[in-house]
Amino acid sequence: MQFNSTQNARKIFAAGIIAVLAAFCGASGAQVKPDIAKLPWMNKALSPDQRADMVVHEMTLDEKIQMVHGTGWGVLRAGDPIPARSNFGAGFMAGIDRLGIPDINLADSAVGVRMAAYQSRYATLFPSTLGAASSWDPDSAFLYGSALGRELRQQGFNMSIGGGVDITREPRNGRNFEYAGEDPVLAGTMTGELEKGVLSQHVMSDIKHYAFNDQETGRTVVNVLLDKKAMRESDLLAFEIAIGIANPSGVMCSYNLVEGDYACENDYLLNQVLKKDFKFKGWVLSDWGGTHSTVKAALNGLDQEMPGGDDDYFGAALKKAVENGQVPQARLDDMVHRILRSMFAAGVVDDPPVRTVVDPFKGRDEAQHIAEESIVLLKNEGHVLPLKASRSASIALIGSHADVGVLSGGGSAQVDAPGGNAANPVPGGSIWGQTVYFPSSPLKYIRAHSPGVSVEYADGKDLAAAARLAKNANVAIVFATQPMREDVDAPTLSLPDHQDALVEAVAAANPNTIVVLETGGPVTMPWIERVKGVVEMWYPGIGGAQALANILFGEVNPSGKLPVTFAKDDAQLPHPVVPGLEGVPADGQHHDVKPFDLRYTEGARVGYKWFESTHRQPLFPFGFGLSYTTYAYSGLTVDDAQRTVHFAVKNTGARAGTEIAQVYVALPSTAHEDYKRLVAWKRVKLAPGESKDVTLTLNPLYLSVFNTEKDGWQLLPGDYKVLLGASSSETPLSATLHVQQ
Ligand code: BGC
């Protein structure tokens, strides 16, 4: 488990002194610095690979070893030393001064820069990446990444370790909020664009956790079993797409085992798939403590041990292994080359970060924009939404600290809340395991939208009091939360803390009950028939309450669509109980489980594919989301030669809106697939009555099957059924794409 609290303050002070002394010695001329700008590899006209080769050629064995491991847990563990030049992020690799190679300061930054409060800094909390994936908007994902990159730079970091793209195979996974949903094409596209955004700011990017870290229960001991075809067509496809789009600097290998080998020493995953097939040019860094060997890991594709230390696998032990020939010198050179070429390619050598102050307003505006695109309207019976201040004399708000804030996700994705936890202010940064609310108050912004209306709040702890408040109001809005974090999965899809009973009590008291969900992933809704409205706002970030109020009052027309299927209950899932959960000791962490095999018998049938192939009806299907207007699709045609689809979408209602048009494809029968695949989509912005023609090109990869005998992708000849519509379960138009041999 990681650690982050004010207890480390003394260490920071000591580290600061050491840093000042080091700077002083440098300034006094004790060390003669080379003229870095004149070093031949500083020539920007050369390619990153050429530049990296030149540096590797100059390096000593010790310098090479220094680059392939970090310097320890530092700020993450109480009492551990913090390197003098560390920027107080999750990881640190010391640079090679004499060669002009800077340090790498890595910061966790899945949904905002982590641990900013540690150094009295501010960082914007963005919506969860699962929320952002609900926008299906690659431009928004790029904006998300570039905002993260900007704030990382401003805080002195030159590498992000976010970029989670493990698909939602296990809907109760504690980290789903850090990922981008269940579909490999959607998740890969959104994560790839996000990481491209990070790189656009000359900050190195990362994609994680490679691979099949699809649940937290037993994450360090679980051995995932799955055939190669299913691997390539599901989880690995998400990585392939994201890596293809972003060309990330790093890929973080995960804690778990896959087919008997740890992911961080897995020849198939690292050498064969990632480096050979995906042509990944960057470096593989281990998740924190995810390295388990020296020779095996080095030969099987790991390039850097994190958080590392001199005494670990890639420190003195690797030096010895290179000296005695167990690890070839060329392999060590390759590791270092990969790191250096990524540094040159991202621009962190030519354009290092310059510390300045983060602009909280800019970040908030961007976060709010992303949140407004992320919120999904799931139910709107009798047009209970949008609310009209003129129609409601009183509104009751109930539960989940909606008077003060919005929920955030925990673990290494936790961002420090300005002013501390809005629900339970304590000085200092966030503490591992604590549920943190951000100061974006739904009560405040709902009040601001409804002058003259009485808006009252009840905390929901007393069901009778909540019901009383609801009974006396025109509209009751219940907020329901599902706090999630790294290390722990939700035991079930049910809302925790008896919140279902709260919703039932409020719904029984008020016929106009709306539920606002702040969840890490899908949840069940046993009360669905008894409420009028349901809004999923995920963990909406620092602009969350403003975004929600804009949606509730119709200033923004909801456009988000689900990137995950919402099951009716756990029994509908491929694994009705989280695998390994029964082995968690009552007082233990979820990773304290004994080693176990986890066979993903559902194969590539993840999420909606599973539901379709087993004829299950979910509560809400993948791709679903309502709007305050209505849309109609027409004129679907397919061009076989160009592999394009053409159609028109019309706004048939009275409000402007944005529809996410979705194209799915069912493969020819020779593929033996009993489900359809998402292959393309488009956000279409439409004024009332407006119609737009849309053309989308189908990427052959998304139509292909993985042929294990040929060890490659194959586009089967035959008839492909192209389906078009508003969600995975509503595809009114179809056409045929003919693929020739
Ligand atoms: C997490 C990673 C994270 C690392 C450093 C690990 O526990 O799995 O996602 O980047 O810690 O904080």
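All residue numbers here refer to positions counted from 1 along the written sequence of the relevant chain. Totals for whole chains, interfaces and linings use every residue, but because this is a predicted model, local features are given only for residues with pLDDT of at least 70 and side-chain atom pairs only at 80 or more, for both listing and counting. Heavy atoms throughout the structure, all of them, feed into the side-chain values; hydrogens and water do not.

Participant: Report on the sheet that holds strand 2 (residues 104-108), specifying residues and quantitative values.
Facilitator: We treat two strands as partners when DSSP finds at least two bridges between them. Per the convention used, a helix needs a DSSP run of H or I reaching at least four residues, while a strand needs a run of E reaching at least two, with both numbered from the N terminus. Strand order in the open sheet formed by three strands is 1-2-3, and the pairing between neighbours is mixed. Two strands lie at the open edges of the sheet, namely strand 1 (91-93) and strand 3 (159-161), each paired on one side alone. For this sheet the average axis-to-axis angle between neighbouring strands, irrespective of direction, equals 25 degrees. As paired strands, strand 1 and strand 2 are joined by three bridges and run antiparallel to one another. By the bridge assignment for strand 2, Gly-91 is matched with Leu-106. Fitting a line to C-alpha atoms yields each axis, with helices limited to the stretch in contact; the angle taken between N-to-C directions then spans 0 to 180 degrees.

Participant: Quick one: what's the story with the environment of Ile-104, residue by residue and with numbers?
Facilitator: Note that Ile-104 resides in strand 2. Separated by 460 residues in sequence, Ile-104 and Val-564 have C-alpha atoms that sit 35 Å apart. If near-sequence neighbours (up to four positions away) are discounted, Ile-104 is found in contact with Gly-91, Phe-92, Met-93, Asn-158, Met-159, Met-204, Trp-283, Ile-339 and Met-343. The contact criterion used is simple: two residues touch if any of their non-hydrogen atoms lie within 4.5 Å.

Participant: Account for the pairing of strand 20 (residues 644-651), with residues named and values stated.
Facilitator: Counting buried residues along strand 20, six of its eight residues qualify, which places the element largely inside the surrounding structure. Where strand 19 (residues 631-639) folds back onto strand 20 in an antiparallel hairpin, the turn is made up of four residues, including Arg-643, whose phi is positive at roughly 55 degrees. Relative to strand 23 (residues 691-697), strand 20 runs antiparallel, the two sharing seven bridges. Bridging from a neighbouring strand, Val-649 pairs with Lys-692 of strand 23. The classification of residues rests on relative accessible area computed with a 1.4 Å probe and restricted to protein chains. Under 20% of the type maximum is buried, over 50% is exposed, and intermediate values are partly exposed.

Participant: Describe the packing of aromatic side chains, with residues and values.
Facilitator: Two rings from Phe, Tyr or Trp (for Trp, the six-membered ring) form a pair when their centres are within 6.5 Å of each other. A pair whose planes differ by under 30 degrees is stacked, one over 60 is edge-to-face, and the rest are tilted. In this structure the tally under the stated criterion is 13 aromatic pairs. Considering the side-chain rings of Tyr-210 and Phe-239, the 5.0 Å spacing of their centres and the 80 degrees angle between planes classify their relative orientation as edge-to-face. Of this pair, Tyr-210 sits in strand 4 (residues 206-210) while Phe-239 sits in helix 8 (residues 235-246), placing them 29 residues apart in sequence. By relative accessible area, which is 0% here, Tyr-210 ends up buried. Two conditions define a charge located above a ring, namely a distance within 6 Å from the ring centre to NZ of Lys or CZ of Arg, and an angle within 35 degrees of the ring normal. A cation over a ring is seen here: Arg-77 above Trp-73, with NZ or CZ 4.1 Å from the ring centre. Stacked on the ring of Tyr-664, the Lys or Arg Lys-676 has its end atom at 5.6 Å from the ring centre.

Participant: Can you lay out the packing of helix 6 (residues 184-199) against helix 8 for me, pointing to particular residues and giving the numbers?
Facilitator: Closest axis-to-axis distance for the helix 6/helix 8 pair is 7 Å, and the angle between their directions is 30 degrees. In terms of orientation, helix 6 lies roughly parallel with respect to helix 8. The element helix 6 and its partner helix 8 pack so that their crossing is right-handed. Facing helix 6, whose interface residues are Pro-184, Val-185, Gly-188, Thr-189, Thr-191, Gly-192, Glu-193, Glu-195, Lys-196 and Leu-199, helix 8 presents Leu-237, Ala-238, Ile-241, Ala-242, Ile-245 and Ala-246. Note that the term roughly parallel is reserved for angles under 35 degrees, roughly antiparallel for angles over 145, roughly perpendicular for angles of 65 to 115, and oblique for everything else. The crossing is said to be left-handed when, going from far helix to near helix, the turn is anticlockwise and less than a right angle, and right-handed when the turn is clockwise.

Participant: Break down the nonpolar core for me, citing the residues and quoting the values.
Facilitator: Grouped burial of nonpolar side chains is what soluble globular proteins tend to show. Residues enter a nonpolar core if they are buried and are Ala, Val, Leu, Ile, Met, Phe, Trp, Tyr or Cys, with the set joined through side-chain atoms within 4.5 Å. By size, the foremost hydrophobic cluster in this structure holds 201 residues, and its most contacted members are Tyr-210, Trp-288, Leu-340, Ile-477 and Phe-647. Every residue in contact with Phe-647, bar those within four places of it in the chain, is listed here: Tyr-633, Ser-634, Gly-635, Leu-636, Ala-661, Val-663, Lys-692, Asp-693, Val-694, Leu-696 and Leu-724. Residues Ala-480, Val-503, Val-531 and Val-534 belong to the second largest nonpolar core, which totals 34 residues.

Participant: How would you explain helix 9 (residues 267-277) if you had to name every residue and give the values?
Facilitator: Every buried residue of helix 9 is accounted for by Tyr-268, Leu-269, Leu-270, Val-273, Leu-274 and Lys-275. Lys-279, located one to two residues past helix 9, shows a positive phi value of around 55 degrees.

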